[in-house]
Structure formats: structure tokens, C-alpha cells
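Descriptive structure summary
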Amino acid sequence: MEVYFTIEKSATAEFKDRGSKFLAYAWPVKSVEQVKECLQEVKKEHPKATHHCFAYRLGTDGLQFRASDDGEPSGTAGKPILGQIDSKGLTDTLVVVVRYFGGTLLGAPGLINAYKMSASMVLQVIPAVQKNVEVKYHLSFDYTILNDIMMVVKQQNCTVYAQELQLFCSMDIGIPKAVQELALLKLKDIHGLEIKKA
């Protein structure tokens, strides 16, 4: 079974070090667009914060990622945050740490530790969840065969992401990669169903 680990809901945590306050936020995300929306939300909520540092990892293969220091010395914020995401084996996860400067310089080792602790704390608030790696498909069909399709969807533990059920219907589903061949064989046996990879 091909699986990956992520978080299912957002969380917040707070860390203080020598007068500086670090507010950490974690979100489950599926795209760079969602990352941008979350960053805008944080910047709106904390416009006076000196830094909005973040890291994310996306995709079931975990190959899409970014770490941003947002003006902190290079490698002192984004990388420690990403390190915490990676140490928990997570993907489709964004962590943003907002810093309010408290007047005492922390130095590079102090900053690395503060961003690492903040990210670690927020990721401890929410448990990681295991999900199946899925392949997405778009189905087009006549309403009369809906029950046959839903039987296969349930038997193969597919996820329905969107559906439009009129006289002529469409549905976006995710088929677990482990049962992809079997599920497709069963779906292709249903007369009148059009299947396209999404």
C-alpha cells in the first residue's frame, strides 16, 4: 500500500526567547496557491511582525518544497522549519513562523533554535495522519449507471472530490494507487462510462 503522512487541520503554537515572540501556524495544503492564501492570511493578521518565515513540502513524492527566511540571516529560519516538517515525515504541509522582535539579538544559533522549536511545537499540537496515494480521474456518465459506479467507488475505497448529478453526470474521484488497476478494470466494465485521468 502506497501511503504518505500529512496533517488534517490547522494549528497554532507560541514560543518565546529573550523577549522575542514566535507564533507558529501549520496548515494542510495541496498547492502553491493554497500556500499563498495562508501566507496572506498570516500577514493580514500580523502586519507589524518583523518576519514571516515559512517552509512547505507538497505532493505524495514530497519533491516540491520551499523554505523562506524572509529577511532573517540565510538558513536560520526556513531550513529549520523545513527540517521539522521532514523529521516528522510530512508532506502537503505548510508551517509559518511569525516573529516579533523583543530587543535582544539572538544570533544565528539562537534564531535556528527558536524557529526549530516553534515549528516543532506547532506540529506536536496536531497528530499526523496516514493517507493513501491516489490517482485522480474524471468520470462522465448517464444517471442510470450511478449506482454501479458508486458500488465500485465504495468497494475500492476511492475518494469523491466533486460530483454533478443531473441527467448527465460527472464526478472527480481519487483511486488509491494500490488498487488502481483493479478499480479501473471494474469501472471500464460499466457500459456507458467515460474515464479520463484528471
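Described in the following lines is the structure provided in the data block. (Residues numbered from 1 in each chain as written. Predicted model: local features only at pLDDT ≥ 70, side-chain atom pairs only at ≥ 80, totals over all residues. Heavy atoms only, no water.)

**A short note on the packing of helix 4 (residues 146–155) against helix 5 (residues 180–188)**
With their axes 10 Å apart at the nearest point, helix 4 and helix 5 run at an angle of 170 degrees to one another. On the basis of the axis angle, helix 4 is roughly antiparallel to helix 5. Where helix 4 approaches helix 5, its residues I149, V152 and Q155 are matched on the opposing element by A183, K186 and L187. Of the residues that constitute the contact of helix 4 with helix 5, the class distribution is 4 nonpolar, 1 polar and 1 charged. (Axes fitted to C-alpha atoms, helices over the stretch in contact; angles between N-to-C directions. Helix = DSSP H or I, 4+ residues; strand = E, 2+ residues; numbered from the N terminus. Parallel < 35°, antiparallel > 145°, perpendicular 65-115°, else oblique. Contact = heavy atoms within 4.5 Å. Nonpolar A, V, L, I, M, F, W, Y, C, P; charged D, E, K, R; others polar.)

**Describing the nonpolar core**
In terms of nonpolar packing, the biggest core is built from 24 residues, with I81, V95, Y115 and V122 touching the most fellow members. Within the residue set of this core, elements represented by two or more residues are strand 2 (11–17), strand 3 (20–28), strand 4 (51–58), helix 2 (78–87), strand 6 (93–100) and helix 3 (107–125). When residues of this core are assigned to their parent elements, the largest contribution, 6 residues, is made by helix 3. Among all residues touching Y115, those that are not within four sequence positions of it are F22, H51, C53, E72, T76, A77, P80, I81, V97 and R99. Formed by 19 residues, the second largest nonpolar core is a distinct cluster that contains V135, C169, I173 and L193. (Core = buried A, V, L, I, M, F, W, Y, C linked by side-chain atoms within 4.5 Å. Buried < 20%, exposed > 50% of the residue type's maximum accessible area, 1.4 Å probe, protein only.)

**A few points about the environment of V3**
Relative to the helices and strands, V3 is located in strand 1 (residues 3–7). Residue V3 is classed as partly exposed on the basis of its relative accessible area, which comes to 31%. Along the sequence, V3 and D70 sit 67 residues apart, while their C-alpha atoms lie 33 Å from each other. Contacts of V3, omitting those with residues within four sequence positions, involve Q130, K131, N132 and V133.

**Observations concerning the packing of aromatic side chains**
Evaluation of the coordinates by the stated rule reveals 4 aromatic pairs. Arranged with centres 5.8 Å apart and planes meeting at 10 degrees, the rings of Y25 and W27 form a pair that is stacked. Here the two residues Y25 and W27 agree in accessibility, since each one is buried. Both rings, one in F54 and one in Y56, keep their centres 6.4 Å apart while their planes meet at 5 degrees; by these two values the pair is stacked. Take F54: its relative accessible area is 6%, and that puts it in the buried class. Counting every residue linked through ring pairs, the aromatic cluster contains F15, F22 and Y115. A cation sits over an aromatic face here: K21 above Y100, 5.8 Å from the ring centre. Against the face of Y161 rests K136, its NZ or CZ located 4.7 Å from the ring centre. (Phe/Tyr/Trp six-rings, centres within 6.5 Å; stacked < 30°, edge-to-face > 60°. Lys NZ or Arg CZ within 6 Å of the ring centre and 35° of its normal.)

**Regarding the layout of surface pockets**
Taken as a whole, the largest pocket spans an internal volume of roughly 160 Å³. For the largest pocket, the full set of lining residues is Y4, K30, G59, T60, D92, N132, E134, K136 and Y161. (1 Å grid on protein atoms, 1.4 Å probe; cavity = no way out; pocket = protein on both sides within 12 Å on 5 of 7 lines; lining within 4 Å. Points joined across faces, edges and corners; volume = space filled by probe spheres on them.)

**With respect to the pairing of strand 6**
The element strand 6 is extensively covered by neighbouring structure, given that 7 of its 8 residues are classed as buried. Here 8 bridges tie strand 3 to strand 6, and the two strands are oriented antiparallel to one another. Within the sheet, the bridge partner assigned to A24 lies in strand 6 and is V97. Bridge count for strand 4 against strand 6 is 7 bridges, and the pairing is antiparallel. Within strand 6, the residue paired with R57 across the bridge is T93. (Pairing = 2+ DSSP bridges.)

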